[in-house]
Amino acid sequence: MSGGMGGGEGGVAEDLLTTKGDTHGYSTENARVAIGSNTQVLTADSTEALGLKWATPTDIAPPTTTKGDLSGFSTSQARIPVSVTNGQVLTTDSTEALGLKWATAAATSPPRIWSFSTIFEAASRTNTQVTAGGATTTDNQALGLYVTTAGDAVRNYINNMPVGTNPSWSQDYNVSTTIYPWTTGTDFDFYAGLGYCTVTAANIDYTKNHLGWKSTRVGSGTIAYEGTIGDNTTETAGSVTTLDTLCNLVKTSTSVKFYDNSTLRQTLTTNLPINVVGGDNVFNSGLTARNVATASRFQIYSWTYEASYA
Amino acid sequence: MHNITIKTWSCDLCKYKQDFDPLTSLMQEIFPENIKNQCPSCKIGLVTNETDKTKRIHKHIIDEIDIDNDKDLTNSEKLENKKQRTKSLTENLKKEDNS
């Protein structure tokens, strides 16, 4: 009898495979390849007697071990452990072994800053040259824009703004002006913000109750830009490096934060201004164009104040 | 008017400044999502003590006069009182300046 599948001379012994999953192998004669473990795959391996084996695929097995882990890769798969800090974001970083890391998200803008942009466009850019004069206000709610140069004091302000713990606001208050051009080499003080300062013959007294920005150019030197606050006795101020396009203040009950083009430049917590409308969450925003490189121009397009009661 | 510099903490990367110690409790009060010593502006640098006095935050303090105490004094006595107040204030400011 011939053509059967059964064992016989020159065929495969019927009892060659003994276990579920066994398969045939061959080297110089038929041989059994015993079934491997669960999840193993049949892998070619010339060092094996039959040229193959069951093995665990190391590059396919997930490296993750913990809730939130990710799989990364450099030369082989590797685990990217989940961040221990909530709120972090996955960030590319070529210095990391796997090119990724968990990191705190970059600084974000304070709320509502950009909502003011249409106010600026609609209410400012009058290009009116400032003229000297104006009466001193003692209303500490005033929105002020003060400039001195060579003994000539300029004050432009709004007072009689709504006061109280929760005043009703029917409009955004805006002080808008442009100082242009400035005489090259002229020293000056400039202040824009909420609250009043005292303009003297020589400069501005910043110890008064206020919060805002100031700029000084003294001794024909470099212009200093500073965030400034005062409580009627003491001024606290510090350099903020530069003033650029859009300057903002955020006042809370414990601090005043100074933003320059959405970058947090400085936080002051001492000598906070008193009796400022709104208490917490007062947003004070201004738009300025800083001096050109020669410091001969200083344009102030507008300074706007808006209170928020979140 | 007295001008002093005060203890200042600044970021070693972005030059952000603040006038309070970056203790965890203080930072979390003002920047709730911040990590200890991490710059609240760039979120990368560390907030450390500013050793360059020219870059420190400064204070301007007006002189205070107690009118009630001075009203019955002679001019020379008022002047002497002012000197004493100035001396006392200056000494206090020096302590803060060196903190």
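Residues numbered from 1 in each chain as written. Chains lettered and ligands numbered in written order. Predicted model: local features only at pLDDT ≥ 70, side-chain atom pairs only at ≥ 80, totals over all residues.

J.: How would you summarise the overall build of chain B if you had to cite specific residues and measurements?
T.: The helix and strand inventory of chain B stands at three helices and five strands. Walking chain B from its N terminus toward its C terminus, one meets helices and strands in the order β-β-β-α-β-β-α-α. Considering only contacts in chain B between residues 6 or more positions apart, those separated by 24 or more positions represent 65%. (Helix = DSSP H or I, 4+ residues; strand = E, 2+ residues; numbered from the N terminus. Contact = placed C-beta atoms within 7 Å.)

J.: Now, about the overall build of chain A: what can you tell me, with residues and values included?
T.: Looking only at helices and strands, chain A features one helix and 22 strands. Across the 310 residues of chain A, 30% fall into the buried class. Long-range contacts, defined as pairs at least 24 residues apart, comprise 49% of the intrachain contacts of chain A with a sequence gap of at least 6. (Buried ≥ 20, exposed ≤ 12 C-beta atoms within 10 Å, placed from the backbone.)

J.: Describe the interface of chain A and chain B, listing the residues and the values that go with them.
T.: The interface is formed by 24 residues belonging to chain A together with 22 residues belonging to chain B. Going through the elements one at a time, strand S17 (234–239) and strand S20 (263–268) of chain A are the ones with two or more residues in the side of chain A that touches chain B. Residues that form the side of chain A that touches chain B fall into these classes: six nonpolar, 16 polar and two charged. Both S17 of chain A and strand S5 (residues 58–61) of chain B contribute to a ladder of four bridges, which runs antiparallel. Note on S5 of chain B: the bridge partner recorded for threonine 236 of chain A is lysine 59 of chain B. (Nonpolar A, V, L, I, M, F, W, Y, C, P; charged D, E, K, R; others polar. Pairing = 2+ DSSP bridges.)

J.: Break down the nonpolar core for me, with residues and values.
T.: Tyr191, Leu211, Leu249, Val256, Phe258 and Tyr259 of chain A are the most contacted members of the largest nonpolar core, which totals 27 residues. Those elements that provide at least two residues to this core are strand S12 (188–195), strand S15 (210–217), strand S16 (224–230), strand S18 (246–251), strand S19 (256–260) and S20 of chain A together with strand S2 (9–11) of chain B. Per-element tally for this core: the top contributor is S12 of chain A, with four residues. Beyond its immediate stretch of four places on either side in the chain, valine 256 of chain A contacts Leu211, Ile229, Leu249, Lys251, Leu268 and Leu272 of chain A. (Core = buried A, V, L, I, M, F, W, Y, C linked by C-beta atoms within 7 Å.)

J.: Now, about the confidence of the model for chain B: what can you tell me, with residues and values included?
T.: All names here are of chain B. Summarising the model, chain B shows a mean pLDDT of 79, and 78% of its residues fall at 70 or more. Per-element mean pLDDT across chain B ranges from 59 in helix H2 (residues 67–70) up to 94 in strand S3 (residues 17–18). Scored as a whole, the predicted complex attains pTM 0.55, and scored at its interfaces, ipTM 0.73. (pLDDT = per-residue confidence, 0-100.)

J.: Can you lay out the environment of alanine 103 of chain A for me, pointing to particular residues and giving the numbers?
T.: Residue and element names in this part refer to chain A. Relative to the helices and strands, alanine 103 is located in strand S8 (residues 100–103). According to the C-beta neighbour criterion, alanine 103 is partly exposed, with 16 such atoms within 10 Å. For alanine 103, the contacting residues outside a window of four places in its chain are Gln88, Val89 and Thr91.

J.: Can you lay out unusual backbone geometry for me, pointing to particular residues and giving the numbers?
T.: Unusually for a residue other than glycine, asparagine 271 of chain A sits at a positive phi of about 60°. Assignment of secondary structure puts asparagine 271 of chain A in the loop between S20 and strand S21 (282–289). The exposure class of asparagine 271 of chain A is buried, given the 23 C-beta atoms found within 10 Å. Although it is not a glycine, lysine 43 of chain B sits at a positive phi angle of roughly 65°. As for its position among the elements, lysine 43 of chain B is in the loop between helix H1 (24–30) and strand S4 (47–49).

J.: Give a description of the confidence of the model for chain A that names residues and reports values.
T.: Interpretation of the predicted coordinates at a detailed level should be avoided for regions scoring low in pLDDT. Residue and element names in this part refer to chain A. Looking at chain A as a whole, its pLDDT mean stands at 67, while 52% of the residues score no less than 70. Segment residues 1–8 is flagged for pLDDT under 50; beyond a separation of four residues in sequence, or across chains, it makes four contacts in the model. The low-confidence segment residues 289–299 (pLDDT under 50) makes 25 contacts with residues lying over four places distant or belonging to another chain.

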